[in-house]
Amino acid sequence: MTGLARAGAVWIEMYHGITARPSPFTVTEWRPAPAAFRAEYRRAGGDPSRLHFLLTGTDRYPRGRLPAGCVTPQACQWELAESTSAGRAILKNGVGGYRLGAQARPFLAEWQARVP
C-alpha cells in the first residue's frame, strides 16, 4: 500500500478476472470495498483524490440484491459505485473502463449521465 500511496494515480479494479468475460463485483463486495480501500490508502499516506474506479465491459449483472437503478449491467456497476459515500468520492475522481467491447456505448452513456 505504501507503494500505491506514492503512485501518481491508483485504478481500483472493481471486477473479477482478466479473461474475455470478467465479472463485476457483487453487491456485497461493493458495499465495504471503496471505504476499506480508501482508508488503507490514506493510512499509507495516499491522497484519496488519486483513487479511480476501473469498471469492466461485462454483460452480466452483479450477484446479490440489486438496487432499483440496475436496469442494465453497466448501469448497475455505476449505481453500486454511487451507493456509498466513499464510492461517490472515488467516482468523482474519474472512472475508467476495462475491456468494454460491446459494452462501450452503454458505459459511455452512464459516464455521460454522471460525469460533469
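Higher on the page you've got the structure.
Remember, predicted model here, so these are calculated numbers, not experimental data. (Residues numbered from 1 in each chain as written. Predicted model: local features only at pLDDT ≥ 70, side-chain atom pairs only at ≥ 80, totals over all residues. Heavy atoms only, no water.)

**Q** Could you clarify how one ought to interpret the side chain of glutamate 110 in this entry?
**A** Following the sequence through the fold, glutamate 110 ends up in helix 6 (residues 104-114). For glutamate 110, a relative accessible area of 15% puts it in the buried group. (Helix = DSSP H or I, 4+ residues; strand = E, 2+ residues; numbered from the N terminus. Buried < 20%, exposed > 50% of the residue type's maximum accessible area, 1.4 Å probe, protein only.)

**Q** Even after reading the chapter, I still don't get the nonpolar core, so can you show me in this structure?
**A** One broad rule of soluble globular proteins: the nonpolar side chains tend to lie buried together. Of all hydrophobic cores here, the largest spans 21 residues; its most connected members are Ile12, Met14, Trp30, Phe53, Leu55 and Val95. The set of elements that each furnish at least two residues to this core consists of strand 1 (10-13), helix 2 (27-30), strand 4 (51-56), helix 4 (73-81) and helix 5 (85-92). Not counting the four nearest positions on each side in its chain, isoleucine 12 is found in contact with Phe37, Leu51, His52, Phe53, Leu54 and Ile90. (Core = buried A, V, L, I, M, F, W, Y, C linked by side-chain atoms within 4.5 Å. Contact = heavy atoms within 4.5 Å.)

**Q** Got a minute to help me understand the packing of helix 4 against helix 6 in this structure?
**A** In a pair of packed helices, the angle between the axes and the distance between the axes together describe the arrangement. Following both chains from N to C, one finds helix 4 and helix 6 inclined at 35°, their axes separated by 8 Å at the closest point. Viewed along their axes, helix 4 and helix 6 form a crossing whose handedness is right-handed. In this structure, helix 4 uses Gln74, Ala75, Trp78 and Glu79 to contact helix 6, whose residues at the interface are Pro106, Phe107, Glu110, Trp111 and Arg114. Looking at the contact of helix 4 with helix 6 residue by residue, the class counts come to five nonpolar, one polar and three charged. (Axes fitted to C-alpha atoms, helices over the stretch in contact; angles between N-to-C directions. Left-handed = near helix turned anticlockwise from the far one by under 90°. Nonpolar A, V, L, I, M, F, W, Y, C, P; charged D, E, K, R; others polar.)

**Q** Explain unusual backbone geometry to me, please; I cannot follow it from the model alone.
**A** With the exception of glycine, the majority of residues adopt a negative phi angle, and the majority of peptide bonds are in the trans configuration. The backbone of arginine 99 sits at a positive phi, close to 50°, despite the residue not being glycine. Relative to the helices and strands, arginine 99 resides in the loop between strand 5 (95-98) and helix 6. On the accessibility criterion, arginine 99 (47% relative accessible area) is partly exposed.

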